[in-house]
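In case you want the letters, here they are:
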Amino acid sequence: VTHTKVQDNNVMRTPDEQMALEEMSCTLIRDLNEYGVCVLDSFVGEERGLKVLEEVKCMYKAGLFRDGQLVSTTKSKLDHKHIRSDKIMWVDGKEQGLYNIKYLMNQVDAVITLANRMRNNGKLGQYNIRERTKAMVAVYEGKGSHYVKHVDNPNKDGRCITCIYYLNVNWNVQESGGLLRIFPDGWVDRIADIEPIFDRITFFWSDRRNPHEVQPAHRTRYAITLWYFDAHEREAAVRKYKKDCENLLKAA
Ligand SMILES: O=C(O)CCC(=O)Nc1cc2ccccc2cn1
Ligand SMILES: [Mn+2]
């Protein structure tokens, strides 16, 4: 999988826009170091957010999404009554017509790049971020589909920050569910319930510190996820992967 270099693609910005980015990266560092989770609202603004949503809906209607994870409805595998929960599509942002998704990805990269620079006084969890995955666009069809409790990076594959951007206009959790529930470890009986509302972005450490689940959604639920890599952990993971392959080949 080719990863994307994280850099500030020096999109023309007004001083106010630059200041807003700097404020967001300070909040990101403070909240990640304090809670391991950070939630920012009105990330790209209503007008731009609606254009991103239109691009996602357009791709979805074009049938470009693939089935995501399989969820077995009951504990026993016998009945094989699985429900597909989310449908996903990977986007690198260079695709034709996905200009607003590309803009969103640039904005997230800019916030992470600024926070990464400020980390020098050991702020961004001692990570050094140079790469990220492509954007994983996910659509939960509202038939009670959900995502079981899991850790994104349980075994040091290099991913250090999970970033999820939500596109759900007028979302009401009481009616539609779809809550992201994070169980931050190290906190006694503390949970973070995050409503997947329009133009909200959530960042959290990808490792075992943040098991999380998506509760059943009863309305179509859109989200775009990016995972950022720590350079050192990623290099170690690739070296280990190569070593494991060599050993497998020798054993064969
Ligand atoms: O939509 C949300 O609020 C979060 C959903 C979520 O956790 N998605 C997700 C999706 C994944 C897809 C492939 C591999 C690992 C994955 C881990 N997490
Ligand atoms: Mn996850």
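This text follows the structure it describes.
Residues numbered from 1 in each chain as written. Chains lettered and ligands numbered in written order. Predicted model: local features only at pLDDT ≥ 70, side-chain atom pairs only at ≥ 80, totals over all residues. Heavy atoms only, no water.

Draft legend 1. Region of interest: the overall build of the protein. Along the backbone of the protein there are five helices and 15 strands. Taking 18 Å as the expected radius of gyration for a compact globule of 252 residues, we find that the protein reaches 19 Å, a close match to that expectation. Its C-alpha atoms give the protein principal-axis dimensions of roughly 60 × 55 × 45 Å. A burial count over the protein gives 46% of its 252 residues as buried. Within the protein, residue pairs in contact and separated by at least 24 positions form 81% of the contacts whose partners lie at least 6 positions apart. Side chains of the protein give 38 positive and 35 negative charges; the mean places of these two sets differ by 6 Å. (Helix = DSSP H or I, 4+ residues; strand = E, 2+ residues; numbered from the N terminus. Rg over C-alpha atoms; globule rule 2.2 N^0.38 Å. Buried < 20%, exposed > 50% of the residue type's maximum accessible area, 1.4 Å probe, protein only. Contact = heavy atoms within 4.5 Å. Lys, Arg positive; Asp, Glu negative; His and termini not counted. Charge placed at Lys NZ, Arg CZ, Asp CG, Glu CD.)

Draft legend 2. Just the coordination of the manganese ion (ligand 2), in detail. Donor atoms from the polypeptide that coordinate the manganese ion (ligand 2) comprise His 150 (NE2), Asp 152 (OD) and His 212 (NE2), at 2.1 to 2.2 Å from the metal. In primary sequence terms, the donor set of the manganese ion (ligand 2) follows H-x1-D-x59-H. One end of the pair, Asp 152, is in the loop between strand S9 (145-150) and strand S10 (159-166); the other, His 212, is in strand S14 (residues 212-217), and 60 residues separate them in sequence. Just as Asp 152 is buried, His 212 falls in that class too. (Donors = N, O, S within 2.8 Å, 3.2 Å for Na, K, Ca; no water.)

Draft legend 3. Geometry of the site of ligand 1. The environment of ligand 1 is made up of Met 136, Tyr 140, Tyr 147, His 150, Asp 152, Ile 164, Tyr 166, Leu 180, His 212, Val 214, Arg 221 and Trp 227. With respect to ligand 1, the side chain of His 150 contributes an N or O atom lying 3.0 Å from a nitrogen atom. In this structure, an oxygen atom belonging to ligand 1 sits 2.6 Å away from a side-chain N or O atom of Tyr 166. Across the complex, the protein chains shield 82% of the 430 Å² of accessible surface that ligand 1 would expose by itself. Listed by contribution, the elements that provide at least two residues to the shell around ligand 1 are strand S8 (135-140), S9, S10, S14 and strand S15 (221-230). (Near = heavy atom within 4 Å. Polar contact = N/O pair within 3.5 Å; in protein donor to acceptor, adjacent residues only side chain to side chain. Areas by Shrake-Rupley, 256 points an atom, 1.4 Å probe, with all protein chains shown as cover.)

Draft legend 4. Representation of the sheet that holds strand S11 (residues 180-182). Sheet architecture is open: four strands sit in the order S9-S14-S11-S12, paired in antiparallel fashion. With partners counted over all chains shown, the strands left at the sheet margins are S9 and strand S12 (192-194), one partner each. Shown here is a sheet whose adjacent strand axes are inclined to one another by a mean of 20°, direction ignored. (Pairing = 2+ DSSP bridges. Axes fitted to C-alpha atoms, helices over the stretch in contact; angles between N-to-C directions.)

Draft legend 5. Looking closely at the pairing of S15. The buried count for S15 comes to ten of ten residues, which makes it a mostly enclosed element. Residues of S15 alternate between two faces, with Arg 221, Ala 223, Thr 225, Trp 227 and Phe 229 on one and Tyr 222, Ile 224, Leu 226, Tyr 228 and Asp 230 on the opposite face, all of them buried. Across three bridges, strand S7 (residues 129-132) lies against S15 in antiparallel orientation. From the neighbouring strand, Ile 129 faces S15, where its bridge partner is Asp 230. Taken together, the seven bridges between S10 and S15 define a ladder with antiparallel strand orientation. Looking at the pairing, Ile 164 lines up with Thr 225 of S15.

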